[in-house]
Amino acid sequence: MPLFKACLLSLHLLTGPRLAGASVFASFRDCSHFFHTHAPPVGIRGAAGASLKSICQRFRDKARYATMYDGDRRLALYSAYLPLNDDNEDAALLEESQAVLEDYTDAIGYERGPLNPDQHQAEPDDKSSTYTLTNAVPQSTDFLDTSWNPYLDVVRRRLNNFCHGRSYVVTGVTVSTSGTGLALWREKRQRVAIPKHLWLAYCCPWFDRNSPHKVRFMFPSYGGYALNQPASHEVVEVPVKDLENFLKSQMDAGRDVALFPKGCVAEDLFKRGKRENP
């Protein structure tokens, strides 16, 4: 089977006892609804010269979320999803451009952590879809257990309690641009880049304007980031604009980073503005 056929590659990724599918495209056209106003982030770059893959993550023939994947680093750069309230590819070809389970077997101090976490999904199939390897990045075990997972729970409860409509979340990584970053190795080969930071941003256009002040200033959008390391990994929560500036500084981006390019406004208001200002 050719690697690309009609610009589409169907990957079937082992997720425990089940199989999850990933459809790779040149754009997110078929899963743009996971982005606010159907606009993916801009300015997020992979390794120099990398061919980035726009992945519509599917499970049981339904798109569940979207992932931007850097095949050179075998690393998901970000996943975008809607948080909810409570034929096999040739293995040798797959291993050349994607992490496989064996890459994590002897990873001491790191584990396979999802960008779109199962605790942000409610339905069993949506939870199962998060276990695909193209949604996973190496995360320090101590960082994941004591900082990142508790932060994900804070975000989940915040959106559940104070977001009155659909919310949008983008979670991603930064990677060292110096070429000296950490990586998982297997058989004397550098296999999977280890992220320097993990970050998250959410957008909730319709929120409770009578919520307590301690959370009201974190709407309609807010974000956070933390070092992916065994110590000193506290999550720093910041406005989305500050997070975008931080990501630009970390990625040596040639242009501004915009996680919600059209702003975090209600989509009907955005469409109305376009009609009034064609």
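Being a predicted model, the structure only gives us computed values, none of them experimental. Each chain has its residues counted from 1, following the order in which its sequence is written. Whole-chain, interface and lining totals are the exception, using all residues; otherwise, since this is a predicted model, local features are given only for residues with pLDDT of at least 70 and side-chain atom pairs are given and counted only at 80 or more. Side-chain numbers here rest on the full set of heavy atoms in the structure, without hydrogens or water.

A. Main features of the pairing of strand β12 (residues 221-227). When accessible area is computed with a 1.4 Å probe and restricted to protein chains, residues below 20% of their type maximum are described as buried, those above 50% as exposed, and intermediate ones as partly exposed. Only runs of H or I of at least four residues qualify as helices and only runs of E of at least two qualify as strands under DSSP, and these elements are numbered from the N terminus. Burial runs high along β12: 6 of the 7 residues are buried. Note: β12 against strand β13 (residues 236-238), 3 bridges, orientation antiparallel. By the bridge assignment, Tyr225 is partnered in β13 with Val236. A pair of strands is considered paired only if DSSP assigns at least 2 bridges between the two.

B. The arrangement of the state of the cysteines in detail. Disulfides are defined as cysteine sulfur pairs within 2.5 Å. Under the definition given, this model contains 3 disulfides. Here Cys31 pairs with Cys56 through a disulfide, and the sulfurs are 2.2 Å apart. One quick way to see it: the torsion about the S-S bond of Cys31 and Cys56 is about -80°, and its sign makes the bridge left-handed. Here Cys31 is found in the loop between β2 (18-25) and β3 (52-59), whereas its partner Cys56 is found in strand β3, with 25 residues between them in sequence. Each of the two residues, Cys31 as well as Cys56, counts as buried. Each sulfur in the disulfide pair Cys203 and Cys264 lies 2.1 Å from the other. Across the S-S bond of Cys203 and Cys264 the torsion is about 95°, and the bridge reads as right-handed. Of this pair, Cys203 sits in strand β11 (residues 197-203) while Cys264 is found in the loop between α5 (240-251) and α6 (267-276), placing the two residues 61 residues apart along the sequence.

C. Geometry of the pattern of salt bridges. Salt bridge criterion: a side-chain nitrogen from Lys or Arg within 4 Å of a carboxyl oxygen from Asp or Glu. Taken as a whole, this structure holds 9 salt bridges when the rule is applied. We note a salt bridge from Arg60 to Asp125, for which the minimum N-O separation is 3.1 Å. It is possible to trace a salt-bridge network through shared partners that takes in Arg60, Arg64, Asp125 and Asp126.

D. Examining unusual backbone geometry more closely. A cis amide bond links Phe219 with the next residue in sequence, Pro220, at an omega value of 10°. Here Pro220 lies in the loop between α4 (213-216) and β12. Phi at His38 is positive, roughly 60°, even though this residue is not glycine. Of note, His38 is situated in the loop between β2 and β3. Residue classification places His38 among the partly exposed positions, given a relative accessible area of 45%.

E. Representation of the pairing of strand β8 (residues 168-174) within the structure. With 7 of its 7 residues buried, β8 lies for the most part within the structure. Of the two faces of β8, the one lined by Tyr168, Val170, Gly172 and Thr174 and the one lined by Val169, Thr171 and Val173 are each fully buried. Both strand β5 (residues 75-81) and β8 contribute to a ladder of 4 bridges, which runs antiparallel. Paired with Tyr81 across the bridge in β8 is Val169. Sheet topology places β8 next to β11; 7 bridges connect them, and they run antiparallel. When the sheet's bridge partners are listed, Thr174 is paired in β11 with His197.

F. View of the environment of Pro220. Take Pro220: its relative accessible area is 25%, and that puts it in the partly exposed class. Expressed as a C-alpha distance, the spacing of Pro220 and Phe207, which sit 13 residues apart in the sequence, is 6.7 Å. Two residues qualify as a contact provided that any one of their heavy atoms is within 4.5 Å of a heavy atom in the partner residue. Residues contacting Pro220, with those up to four places away along its chain left out, are Tyr202, Cys203, Cys204, Pro205, Phe207 and Cys264.

G. Highlighting the side chain of Asp70. Inspection of the secondary structure puts Asp70 in strand β4 (residues 62-70). Here Asp70 falls in the buried class, since its relative accessible area comes to 0%. A polar contact of 3.3 Å, which involves the side chain of Asp70, links it to the backbone nitrogen of Arg73. In protein, a polar contact requires one atom able to donate a hydrogen and another able to accept it; more generally it is a pair of N or O atoms within 3.5 Å, and residues adjacent in sequence count only if both atoms are side-chain atoms.

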